[in-house]
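The lines below spell out each chain.
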Amino acid sequence: MAKIIMVTGGARSGKSTFAQKIAKKFGNNILYIATAIPFDDGMRDRIKKHKNARPKDWKTLEQFKNFDNLLNNEEFLISDTIIFECMTLMVSNLLLKHNVDFDKIDYNKIDEIEKEIFVEVEKLIKIIKIKEKNMIIVTNEVGMGIVPSYKLGNIFRDIAGRINQYLAKNSDEVYITISGIPLKLK
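Residues numbered from 1 in each chain as written. Predicted model: local features only at pLDDT ≥ 70, side-chain atom pairs only at ≥ 80, totals over all residues. Heavy atoms only, no water.

Draft legend 1. Layout of the sheet that holds strand S2 (residues 30-34). Spatially, the seven strands line up as an open sheet ordered S3-S2-S4-S5-S1-S6-S7, and their pairing is mixed. Since the sheet does not close on itself, it has two edges, and those belong to strand S3 (59-62) and strand S7 (181-184), each with one partner. Averaged over all adjacent pairs, the angle separating strand axes in this sheet is 20 degrees, with direction ignored. Inspection of the sheet shows strand S6 (residues 173-178) paired to S7 by four bridges, in the antiparallel sense. Within S7, the residue paired with Tyr175 across the bridge is Lys184. Seen against the sheet, helix H4 (residues 87-96) touches strand S4 (81-85) and strand S5 (134-140) and runs at an angle of roughly 65 degrees to S5. (Pairing = 2+ DSSP bridges. Helix = DSSP H or I, 4+ residues; strand = E, 2+ residues; numbered from the N terminus. Axes fitted to C-alpha atoms, helices over the stretch in contact; angles between N-to-C directions. Contact = heavy atoms within 4.5 Å.)

What follows is the structure, encoded as structure tokens:
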């Protein structure tokens, strides 16, 4: 039976390494869905390091929205296991695609944006369940640090936190990684 597994934790806590370890237990036919956008040198370097850390035979799909098209993607259809990394980058990408002034944004508009983000997440989970794929979702725990001093940071933290709650509820297993050590929460 297929499983959805959520791996959360802080930055550089060992989430990716642990997610890859889990994926290898499910088999060799693994698809890595990468949500990062290489918008600067730092992100390009991070993407390169993540690619180098993965086994060469894993397929990679770069995508952070429009998950309906997975139903027509051959690599997705033949894969047994999906690593989805990272949900918080997906949230950030979907949030920032709106060309708005986040310092002056109306809270009704924030609610609309959050609903759009939830639709994408719900589509992804639904497709994974319909196609009975194992999926390991990597996401950052963003609620344990300081409260951001700017409005966009607060909006992001709040939406990401609610998305993580939704994912945890809909996952078969949930882990948090701290200093490279995974702890099973569910």
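Draft legend 2. Looking closely at the pattern of salt bridges. Scanning the model with the defined rule gives six salt bridges in all. With its nearest N and O atoms 3.8 Å apart, the salt bridge here joins Asp68 to Lys123. Residue Asp68 is found in the loop between S3 and helix H3 (74-78), and its partner Lys123 is found in helix H5 (residues 107-130); the two are separated by 55 residues along the sequence. With a relative accessible area of 44%, Asp68 lands in the partly exposed category. Of the residues examined, Lys123 reaches a relative accessible area of 21% and is grouped as partly exposed. With a closest N to O distance of 3.9 Å, Glu112 and Lys109 form a salt bridge. Pair noted here: Glu112 and Lys109 are both in helix H5, with a separation of three residues, about one helical turn. For Glu112, a relative accessible area of 43% translates into the label partly exposed. Connected via shared salt-bridge partners are Asp68, Glu120 and Lys123. (Salt bridge = Lys/Arg side-chain N within 4 Å of Asp/Glu carboxyl O. Buried < 20%, exposed > 50% of the residue type's maximum accessible area, 1.4 Å probe, protein only.)

Draft legend 3. Here's a closer look at the pairing of S2. In terms of burial, S2 is a largely internal element, five of the five residues being buried. On S2, burial covers both faces: Ile30, Tyr32 and Ala34 on one face and Leu31 and Ile33 on the other are all buried. Relative to S4, S2 runs parallel, the two being bridged by five bridges. Within S4, the position partnered with Leu31 by the bridge is Ile82. With four bridges joining them, S2 and S3 adopt parallel strand pairing. The residue bridging Leu31 from the neighbouring strand is Lys59, located in S3.

Draft legend 4. H4, seen in detail. Where burial is concerned, most of H4 is hidden: seven out of the 10 residues are buried. Those residues of H4 not exposed but buried are Met87, Thr88, Met90, Val91, Asn93, Leu94 and Leu95. Buried-residue contacts for H4 involve S4, H5, S5 and helix H6 (151-169).

Draft legend 5. Highlighting the environment of Leu185. One can find Leu185 in the segment after S7. Here Leu185 falls in the exposed class, since its relative accessible area comes to 53%. Here the alpha-carbon distance between Leu185 and Glu173, two residues 12 residues apart in the chain, equals 7.4 Å. In this structure Leu185 touches Val174, Tyr175 and Ile176, once residues within four positions along its chain are discounted.

Draft legend 6. Examining the side chain of Ser79 more closely. With respect to the helices, strands and loops of the structure, Ser79 is situated in the loop between H3 and S4. Residue Ser79 is classed as buried on the basis of its relative accessible area of 3%. A polar contact is formed between the side chain of Ser79 and the backbone oxygen of Glu75, at a distance of 2.5 Å. Aside from chain neighbours lying at most four places away, what touches Ser79 is Asn29, Ile30, Leu31 and Lys133. (Polar contact = N/O pair within 3.5 Å; in protein donor to acceptor, adjacent residues only side chain to side chain.)

Everything listed here is a matter of coordinates, which is why it stays silent on function.
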